[in-house]
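# Observations on the model geometry
As a plain string of letters, each chain reads:
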Amino acid sequence: MNTRILNYFLAVARTGNITQAAKELHITQPTLSRQITELEQELAVQLFDRSIKRHFTLTPAGIAFEEKARQLLQLWNQTKTDLQNQADIAGNIRIGLVESNIRSFICQAIQEFAQEYPVTFEIFSSDGDTLKAKLDNDELDLAIVINPIEIAKYNYVDLAHPETWGIFMSKSSPLASFDEISSEQLKHLPLFVPKRSIVQNNFSSINFKDLHLVGSVNLASNIVPLIETGKYYELAIAGIHDINHQDLIFKPLIPKTTSTHSLIYQKNHRLANQVSEFISFITKKHDQS
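A brief report on the enclosed structure follows.

Reading the values: rules and limits
- In every chain, residue numbers begin from 1 and rise along the written sequence.
- With pLDDT at 70 or above as the cut-off, local features in this predicted model cover only qualifying residues; side-chain atom pairs require 80 or more to be listed or tallied, and sums for whole chains, interfaces and linings still use all residues.
- Derived side-chain values reflect all non-hydrogen atoms in the structure, with water molecules and hydrogen atoms excluded from consideration.
- Numbering of helices and strands starts at the N terminus; helices are DSSP runs of H or I of at least 4 residues and strands are runs of E of at least 2.
- Note on exposure labels: buried denotes an accessible area under 20% of the residue type's maximum, exposed denotes more than 50%, and partly exposed covers the range between, all computed with a 1.4 Å probe on protein chains only.
- Asp and Glu are treated as the negative residues and Lys and Arg as the positive ones, with His and the ends of the chain left uncounted.
- Here a salt bridge means any side-chain nitrogen of Lys or Arg lying within 4 Å of a carboxyl oxygen belonging to Asp or Glu.
- Here a polar contact is recorded for every N or O atom pair within 3.5 Å, except that within protein the pair must consist of a potential hydrogen donor and a potential acceptor, and residues adjacent in sequence are included only if both atoms are side-chain atoms.
- Any pair of residues with heavy atoms lying within 4.5 Å of one another is described as a contacting pair.
- Throughout this description, the term nonpolar core refers to a set of buried Ala, Val, Leu, Ile, Met, Phe, Trp, Tyr and Cys residues connected via side-chain atoms within 4.5 Å.
- Helix axes use the C-alpha atoms of the stretch in contact, all axes being lines fitted to C-alpha atoms, and the angles between their N-to-C directions lie in the range 0 to 180 degrees.
- We call two directions roughly parallel when the angle between them is under 35 degrees, roughly antiparallel when it is over 145, roughly perpendicular when it lies between 65 and 115, and oblique otherwise.
- Each helix crossing is assigned a hand: it is left-handed if the near helix lies turned anticlockwise from the far helix by less than a right angle, otherwise right-handed if that turn is clockwise.
- Charged means Asp, Glu, Lys or Arg here, nonpolar means Ala, Val, Leu, Ile, Met, Phe, Trp, Tyr, Cys or Pro, and polar covers whatever is left, Gly included.

Summarising the element assignment, Glu234 is placed in strand β10 (residues 233–237). One buried charged side chain, Glu234, makes no salt bridge at all; its nearest oppositely charged neighbour is Arg103, positioned 10 Å away. Here His241 takes part through its side chain, which lies 2.8 Å from a polar atom of the side chain of Glu234. Excluding residues that lie within four positions of it along the chain, Glu234 makes contacts with Gly166, Ile167, Phe168, Leu191, Phe192, Val217, Ala220, Ile223, Ile227 and His241.

The subject of this paragraph is the nonpolar core. Counting residues in each nonpolar core, the largest one holds 41 residues, and the members touching the most others are Val145, Ile167, Leu186, Leu191, Phe203, Leu235 and Leu253. Looking at this core, the elements that each hand over two or more residues are α6 (128–136), β5 (142–146), β6 (154–170), β8 (190–194), α9 (224–228), β10 and β11 (248–254). Counting residues per element, this core draws most heavily on β6, which supplies five residues. If sequence neighbours within four positions are ignored, Ile167 has contacts with Ile181, Leu186, Leu191, Tyr233, Glu234, Leu235, Ile249, Phe250, Lys251 and Leu253. Judged by nonpolar contacts, the second largest core, of 24 residues, contains Ile102, Phe105, Leu263 and Val275.

Cis geometry marks the peptide bond from Ile254 to Pro255, where omega comes out at 0°. Along the chain, the position of Pro255 falls in the loop between β11 and β12 (258–266). The phi torsion at His26 lies on the positive side, around 60°, for a residue other than glycine. Of note, His26 is situated in the loop between α2 (18–25) and α3 (29–43). A positive phi is found at Ala44, a non-glycine position, where the angle reads about 60°. For Ala44, the location among the structural elements is in the loop between α3 and β1 (48–49). With a relative accessible area of 67%, Ala44 lands in the exposed category.

Turning next to the packing of helix α5 (residues 103–116) against helix α10 (residues 273–288). For the pair α5 and α10, the least separation of the axes is 10 Å and the interaxial angle reads 125°. Judged by the inter-axis angle, α5 sits oblique to α10. α10 is crossed by α5, and the crossing has right-handed handedness. Contact residues: Phe105, Ile106, Gln108, Ala109, Ile110, Glu112, Phe113 and Glu116 in α5; Gln274, Glu277, Phe278, Phe281, Ile282, Lys285 and His286 in α10. Considering only residue class, the contact of α5 with α10 consists of eight nonpolar, three polar and four charged.

Dropping the structure here:
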């Protein structure tokens, strides 16, 4: 059996007349009659009652098969559409990614998407301001940024994955025994802070003018050796460092301060099929998680 035979059957079932159905299908009446007979023989049931001359009426078996035939055709057509669409989803996807705990979610999404579509990925890591600039210059297709950040001019998808702000320090630091770090304790620490001013403004309990600032940083991994000396501290989100194999420890701030993430991409900009599909994929995966 093939889909052509199913269409033949449905045409006869709809018209109730073999001549009219043959005309619609642009085949001869004898050919259509033979195909219907062969279908009944293959199924070993009678699909039509031919007792009334020139009129084909569905038998109970025919009625049941009509529903199945429609379902089979619908499944076949959807399968063809899916495969054709999949063939169009190919190419490179340029992603900007902040250093944070969302990296595991994004990497898992990349792995699953690449298993389904013939795509490649170009991943660029930096801070939010740099990622936005590259997005504006069409050097990235999309970016994953951490809030707060000015994203009003972009299309965006809110991604939770909350990050806790705190202090990275050496495990040998005198403050390593504390469960949390207060704003008062911060005043006496030689401190590296995030470069973006909008992030600094996010801390209502901290007056940055009162702090002993050593400098700012946009890629925190570059100053790990300094923090490991025990002479410096870093204000950052918990997920910015993988501390499993480093001599670092993280202590959250009090009062607790958190940030979420957003996926951003340009407005009024035609996205390549693979980029649009990947954004939809991440959105759906996030909603399900």
